[in-house]
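Spelled out from the first residue to the last, the chains are:
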Amino acid sequence: AVRLFAKGFDENALPPYYQWYEVAGGSGCPNFLTGAGGFLQSVWAGLGGARVHHDRLTILPTATPRLGNATSVTLQGLQYRGV
(Lines give C-alpha, C1' and ligand atoms only; values in the text may rest on other atoms or scores of the structure.)
Protein backbone atom coordinates (compact mmCIF):
# COMPACT_ATOMS: atom_id res chain seq x y z
CA ALA A 1 0.00 0.00 0.00
CA VAL A 2 2.79 2.41 0.86
CA ARG A 3 4.55 1.81 -2.46
CA LEU A 4 1.38 2.43 -4.49
CA PHE A 5 0.49 5.47 -2.40
CA ALA A 6 3.89 7.04 -3.02
CA LYS A 7 3.92 6.05 -6.69
CA GLY A 8 0.48 7.57 -7.28
CA PHE A 9 1.56 10.87 -5.83
CA ASP A 10 5.16 11.07 -7.06
CA GLU A 11 4.41 10.17 -10.68
CA ASN A 12 1.03 11.83 -11.24
CA ALA A 13 0.83 14.95 -9.03
CA LEU A 14 3.50 17.22 -10.40
CA PRO A 15 4.91 20.66 -9.53
CA PRO A 16 4.57 23.53 -9.51
CA TYR A 17 0.92 23.21 -8.41
CA TYR A 18 0.81 19.45 -7.81
CA GLN A 19 -2.22 18.96 -10.00
CA TRP A 20 -3.03 15.43 -11.11
CA TYR A 21 -2.13 14.24 -14.61
CA GLU A 22 -3.67 11.35 -16.46
CA VAL A 23 -0.35 9.75 -17.37
CA ALA A 24 2.70 9.41 -15.15
CA GLY A 25 5.29 12.06 -15.90
CA GLY A 26 2.84 14.81 -16.80
CA SER A 27 1.34 13.86 -20.15
CA GLY A 28 -2.31 13.30 -20.89
CA CYS A 29 -5.13 15.27 -19.34
CA PRO A 30 -4.11 17.79 -16.65
CA ASN A 31 -6.28 18.16 -13.54
CA PHE A 32 -7.27 14.51 -13.87
CA LEU A 33 -9.81 14.11 -11.06
CA THR A 34 -10.34 10.38 -11.59
CA GLY A 35 -6.65 9.87 -10.82
CA ALA A 36 -6.97 11.95 -7.67
CA GLY A 37 -9.92 9.78 -6.65
CA GLY A 38 -7.83 6.65 -7.13
CA PHE A 39 -5.13 8.17 -4.96
CA LEU A 40 -7.69 8.82 -2.20
CA GLN A 41 -8.87 5.23 -2.54
CA SER A 42 -5.31 4.12 -1.79
CA VAL A 43 -5.58 6.04 1.49
CA TRP A 44 -8.77 4.50 2.86
CA ALA A 45 -8.40 1.04 1.33
CA GLY A 46 -4.65 0.61 1.37
CA LEU A 47 -3.44 2.60 4.35
CA GLY A 48 -6.72 2.46 6.28
CA GLY A 49 -7.16 -1.28 5.80
CA ALA A 50 -10.81 -0.96 4.66
CA ARG A 51 -12.21 -3.78 2.53
CA VAL A 52 -15.60 -3.51 0.85
CA HIS A 53 -17.50 -6.77 0.43
CA HIS A 54 -20.97 -7.38 -1.00
CA ASP A 55 -22.52 -7.85 2.43
CA ARG A 56 -20.12 -6.06 4.79
CA LEU A 57 -17.34 -3.56 5.31
CA THR A 58 -14.28 -4.78 7.19
CA ILE A 59 -11.38 -2.82 8.66
CA LEU A 60 -8.08 -4.61 9.16
CA PRO A 61 -6.05 -2.31 11.40
CA THR A 62 -3.21 -4.83 11.74
CA ALA A 63 -2.69 -4.58 7.97
CA THR A 64 -2.18 -0.82 8.15
CA PRO A 65 1.37 0.03 7.05
CA ARG A 66 3.36 3.07 8.16
CA LEU A 67 3.83 5.99 5.82
CA GLY A 68 6.69 8.34 6.63
CA ASN A 69 6.30 9.75 10.13
CA ALA A 70 2.61 8.85 10.43
CA THR A 71 1.80 6.81 13.52
CA SER A 72 -1.90 6.18 12.86
CA VAL A 73 -4.70 6.39 10.32
CA THR A 74 -8.16 7.57 11.38
CA LEU A 75 -11.20 6.89 9.21
CA GLN A 76 -14.17 9.03 10.25
CA GLY A 77 -17.76 9.06 9.08
CA LEU A 78 -17.67 5.72 7.31
CA GLN A 79 -20.99 4.52 5.97
CA TYR A 80 -21.76 1.31 4.16
CA ARG A 81 -25.02 0.76 2.33
CA GLY A 82 -26.63 3.74 4.05
CA VAL A 83 -25.70 2.70 7.58
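As the structure is a prediction and not an experimental result, all values here were calculated from the model.

Calculation notes
Residues numbered from 1 in each chain as written. Predicted model: local features only at pLDDT ≥ 70, side-chain atom pairs only at ≥ 80, totals over all residues. Heavy atoms only, no water. Pairing = 2+ DSSP bridges. Helix = DSSP H or I, 4+ residues; strand = E, 2+ residues; numbered from the N terminus. Core = buried A, V, L, I, M, F, W, Y, C linked by side-chain atoms within 4.5 Å. Buried < 20%, exposed > 50% of the residue type's maximum accessible area, 1.4 Å probe, protein only. Contact = heavy atoms within 4.5 Å. Salt bridge = Lys/Arg side-chain N within 4 Å of Asp/Glu carboxyl O. pLDDT = per-residue confidence, 0-100. Phe/Tyr/Trp six-rings, centres within 6.5 Å; stacked < 30°, edge-to-face > 60°.

Draft legend 1. The arrangement of the pairing of strand β3 (residues 27–30) in detail. Note that strand β2 (residues 19–23) and β3 share two bridges and pair antiparallel. Counterpart to V23 in the pairing with β3 is S27. Counted along the chain from β2 to the antiparallel partner β3, the turn is three residues long, and its residue G25 has a positive phi close to 95°.

Draft legend 2. Representation of the nonpolar core. Within the largest apolar cluster, six residues are counted, these being F5, A13, W20, A36, F39 and L47. In terms of residues, this core owes the most to one element, helix α2 (residues 33–47), which gives three residues. Ignoring sequence-local partners within four residues, the contact set of W20 consists of G8, F9, N12, A13, C29, P30, N31, F32, G35, A36 and F39.

Draft legend 3. Fine view of the pattern of salt bridges. Scanning the model with the defined rule gives one salt bridge in all. Among the ionic pairs, D55 bridges to R56, the shortest N-O distance being 2.8 Å. Looking at D55, the relative accessible area reads 53%, which means it is exposed.

Draft legend 4. Structural context of the environment of S72. Residue placement: S72 occurs in the segment after β5 (57–59). C-alpha of S72 to C-alpha of T34: the two residues are 38 residues apart in sequence and 26 Å apart in space.

Draft legend 5. Structural context of the confidence of the model for the protein. Of all residues in the protein, 90% attain a pLDDT of 70 or more, and the chain-wide mean is 81. Here helix α1 (residues 2–12) is the element of the protein with the lowest mean pLDDT, 80, and β5 is the one with the highest, 88.

Draft legend 6. Molecular detail of the packing of aromatic side chains. Counted according to the given criterion, the structure contains four aromatic pairs. Where F9 meets Y18, the ring centres are 5.9 Å apart and the plane angle is 5°; that geometry is what we call stacked. Overall, the relative accessible area of 33% leaves F9 in the partly exposed class. Residue classification places Y18 among the partly exposed residues on the basis of a relative accessible area of 44%. With a centroid separation of 6.1 Å and an interplanar angle of 80°, the aromatic rings of F9 and W20 are classed as edge-to-face. Residue F9 is found in helix α1, and its partner W20 is found in strand β2; the two are separated by 11 residues along the sequence.

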